[in-house]
Amino acid sequence: MTNEPGERQGIKATETAFDIIKTIHEAGHIRLVELADTVGIANSTAFSHLTTLEELGYVVKEPDGYRLGLRLLDHGIQAKYHYRELLDASKPVLEQLVSETDEAVNLVVEEDNQAVYIGRLTGDRGVPTNSWVGKHKQIHTLSAGKAILAHMPENQVDEIISQTGLDGVTAETITTREELKSEFEEIRDRGVAFNNCESHESIRAVGAPIILNEEVYGAVSVAGPAKRLTGEYFRSEIPNLLLGAVNEIELKLAYTDN
């Protein structure tokens, strides 16, 4: 028996436990009945899972409902440790980029077919967005994500698209393989990818890939309000700063590898 692309093959109880954790994460605090309804399970089942997760330190019960426990922070820091060389090489460069642009600067990698923020700094002019360290987003909607995809092997890109699809987040999101792959050629030619309100109606961003020995390690992006990121600032000034920044990161990584 063969499995369809994207078909889940795991253990249902484990899936339910992580659905509960994800639901609490998105809600901040949530009461048992609301959680059970959101996840689509019986109250008794939700209570059993929550009791176990509470005993293990993954959730905390408070008067206004359940919240995530700090045990997850320990795992998150350990997961981030996998990218320590990239983070170490990028940190001073991202700080310099923030000082030069005063915008939000992100370090993004691909994992599990998604774009994941593993570094983020915000200048004084930076605006709050729905992005933070650890946030997962559909990779084709971001400038950093498109920069990464454009330098991946074509069969790997096809696999990602098959697994995740090309959903439209805004009216500007690319939703066809043909348009996306056509843009990849432009990204490779100019060295940067543009996000023109594709992940948020009011945000534009520019992303550039970090490549060493023909392997894409991740990407750096600069994001800001669409009304501010316009003209030469958006199309030329930020791209030039980004290209210099990722080149410095690549040189630091090359030195580390040696």
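Residues numbered from 1 in each chain as written. Predicted model: local features only at pLDDT ≥ 70, side-chain atom pairs only at ≥ 80, totals over all residues. Heavy atoms only, no water.

**Points about the UniProt feature "domain: IclR-ED" (unreviewed entry) in the protein chain**
Working step 1: When the UniProt feature table is mapped onto this chain, "domain: IclR-ED" (unreviewed entry) is found at residues 71-255.
Working step 2: Between the end C-alpha atoms of residues 71-255 the distance is 35 Å, and the span holds 46% helix and 24% strand. (UniProt positions renumbered as here; feature names shortened; annotations may be inferred. Helix = DSSP H or I, 4+ residues; strand = E, 2+ residues; numbered from the N terminus.)

**Things to note about the packing of helix α7 (residues 154-164) against helix α8 (residues 177-190)**
For any two helices packed against each other, the geometry comes down to the angle between their axes and how far apart the axes lie.
Working step 1: At a closest axis distance of 12 Å, the pairing of α7 and α8 adopts a crossing angle of 145 degrees. Judged by the twist between their axes, the crossing of α7 over α8 is right-handed. On the side of α7, the interface is formed by Glu-154, Val-157, Asp-158, Ile-161 and Ser-162, while α8 contributes Arg-177, Leu-180, Lys-181 and Phe-184.
Working step 2: Of the residues contributing to the contact of α7 with α8, the split by class is four nonpolar, one polar and four charged. (Axes fitted to C-alpha atoms, helices over the stretch in contact; angles between N-to-C directions. Left-handed = near helix turned anticlockwise from the far one by under 90°. Contact = heavy atoms within 4.5 Å. Nonpolar A, V, L, I, M, F, W, Y, C, P; charged D, E, K, R; others polar.)

**Description of the layout of surface pockets**
Working step 1: Reported here for the largest pocket is a volume of approximately 1,900 Å³.
Working step 2: As for the largest pocket, its lining consists of 40 residues, and the residues nearest its centre are Lys-22, Asp-112, Gln-114, Gly-134 and His-136.
Working step 3: For the lining of the largest pocket, the elements supplying multiple residues, two or more each, are α1 (12-27), α4 (71-81), β3 (104-111), β4 (114-122), β5 (136-138) and α7.
Working step 4: It is α1 that contributes the most residues to the lining of the largest pocket, nine residues altogether.
Working step 5: Tallied by class, residues from the lining of the largest pocket come to 17 nonpolar, 14 polar and nine charged.
Working step 6: Summarising the domain contributions, the lining of the largest pocket has at least three residues from each of domain 1 (12-68) and domain 2 (76-257).
Working step 7: Roughly 320 Å³ of volume is contained in the second largest pocket.
Working step 8: In this structure, the second largest pocket is lined by 15 residues; those nearest its centre are His-82, Tyr-83, Leu-86, Glu-215 and Tyr-217.
Working step 9: Listed by contribution, the elements that provide at least two residues to the lining of the second largest pocket are α5 (84-101), β3, β8 (215-225) and α9 (231-257).
Working step 10: Sorting elements by how many residues they give to the lining of the second largest pocket places β8 first, with four residues. (1 Å grid on protein atoms, 1.4 Å probe; cavity = no way out; pocket = protein on both sides within 12 Å on 5 of 7 lines; lining within 4 Å. Points joined across faces, edges and corners; volume = space filled by probe spheres on them. Domains from an automatic or database assignment.)

**As for the packing of helix α2 (residues 32-39) against helix α3 (residues 43-56)**
Working step 1: At a minimum axis distance of 9 Å, the contact between α2 and α3 shows a crossing angle of 105 degrees. Taken together, the axis directions place α2 and α3 in an arrangement best described as roughly perpendicular. Along the contact surface, α2 presents Leu-32, Val-33, Leu-35 and Ala-36, while α3 presents Asn-43, Ala-46, Phe-47 and Leu-50.
Working step 2: Tallied by class, residues from the contact of α2 with α3 come to seven nonpolar, one polar and no charged. (Parallel < 35°, antiparallel > 145°, perpendicular 65-115°, else oblique.)

**Focus on the pattern of salt bridges**
Working step 1: Enumeration over the complete set of coordinates arrives at eleven salt bridges.
Working step 2: As a salt-bridge pair, Glu-62 and Arg-67 come within 2.8 Å of each other at their nearest N and O atoms.
Working step 3: What makes Glu-62 partly exposed here is its relative accessible area of 28%.
Working step 4: When the shortest N-O distance is used, the salt bridge between Glu-198 and Lys-146 registers 2.8 Å. (Salt bridge = Lys/Arg side-chain N within 4 Å of Asp/Glu carboxyl O. Buried < 20%, exposed > 50% of the residue type's maximum accessible area, 1.4 Å probe, protein only.)

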